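# Observations on the three-dimensional arrangement
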Amino acid sequence: MDNNTLETLRAVYLTAEDLRVAASILYNAYHDDPYFIEVLGKQDIQQYEQKLRAAIREELNELWQQEQALIGLFDQERLIGVACVITQQIPLGEARYWHWRLKMVMGTGWKSTQGLMEKESCILEHLPSEKCGILQFIALAPNEQKKGYGSRLIEAVLSWCDEQPRLDGIGVFVTQPHHHALFVQQGFISLAEVNIGQVDGEILFYNKQETANQG
């Protein structure tokens, strides 16, 4: 990635008009994700794809309505990456709002909705405090991958986190080795190896205070 490309990149909050493109980026990025394949049902590919679209759509809408952090990475005016953080300022896991449950059940079914809540609950159990966020989604557009933009997007998330007085850090559930390496390079540490929805993965954590002390 050359300096001219770096100069055209900017990370800003998404607007309502960006959500449709953001949902498309997330859908393409998570289509082959082992966890979503397992929890949303892999028997029928068409049904799986419909459920994945619904899950991403409803979660994005919920994050937007609850004024959670929806960060977009833009190359000039073109949205090329998305990162979504949800904090414990709103109920998560088994405590999710009933309206979220209802919409998610209608889009994905009860078993899938239960699986999504179990994932959040598992992550929450391992986070060091209630002042921690969860990196719910992070993705680049398919044709923008392997250009170094992933690091830039994570850096934007961590810069946002550092500016939040109510946050101690951010946790994320990772199943892919190359994703694991990328987060570790950005200062995330391992909290636990877990199995969520019959999928093995690791919960990584960015500790804001520790990173600040090291700096």
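Below, the structure is looked at part by part. (Residues numbered from 1 in each chain as written. Predicted model: local features only at pLDDT ≥ 70, side-chain atom pairs only at ≥ 80, totals over all residues. Heavy atoms only, no water.)

## Quick word on the pairing of strand β7 (residues 199-207)
Rules: Remark: exposure states derive from per-residue accessible area (1.4 Å probe, protein chains only) relative to the maximum for the residue type, with buried under 20%, exposed over 50%, and partly exposed in between. Working definition: helices are DSSP H or I runs of at least four residues, strands are E runs of at least two. Numbering for both runs from the N terminus. Here, strands pair whenever DSSP counts at least two bridges between them.
Most of β7 is tucked away: 7 of the 9 residues are buried. Where strand β5 (residues 169-174) lies against β7, 6 bridges are found, and the strand directions are antiparallel. Paired with Phe173 across the bridge in β7 is Ile203. In this structure, strand β6 (residues 189-196) lies alongside β7, joined through 7 bridges in antiparallel fashion. Opposite Glu193, over in β7, you have Glu202 as the bridge partner. Connecting the antiparallel pair β6 and β7 is a turn made up of 2 residues, with Gly197 showing a positive phi of about 60°.

## Description of the nonpolar core
Heads up, the rule is: Note on terminology: a nonpolar core comprises buried Ala, Val, Leu, Ile, Met, Phe, Trp, Tyr and Cys residues joined through side-chain atoms within 4.5 Å. Any two residues whose heavy atoms approach within 4.5 Å are treated as being in contact.
Leu14, Leu26, Phe36, Val82 and Cys84 are the most contacted members of the largest nonpolar core, which has 43 residues in total. Contacts of Cys84, omitting those with residues within four sequence positions, involve Leu26, Leu60, Leu63, Ala69, Leu70, Ile134, Leu135, Gln136 and Phe137. If you look at the next biggest cluster of nonpolar residues, it comprises 25 residues, including Leu135, Leu140, Leu167 and Phe188.

## Topic: the state of the cysteines
Note the following rule: By convention in this document, the label disulfide applies to cysteine sulfur atom pairs within 2.5 Å.
In total, this model carries 0 disulfides according to the counting rule given. Not part of a disulfide, Cys122 finds its nearest cysteine sulfur in Cys132, a span of 15 Å. Residue Cys122 is classed as buried on the basis of its relative accessible area of 14%.

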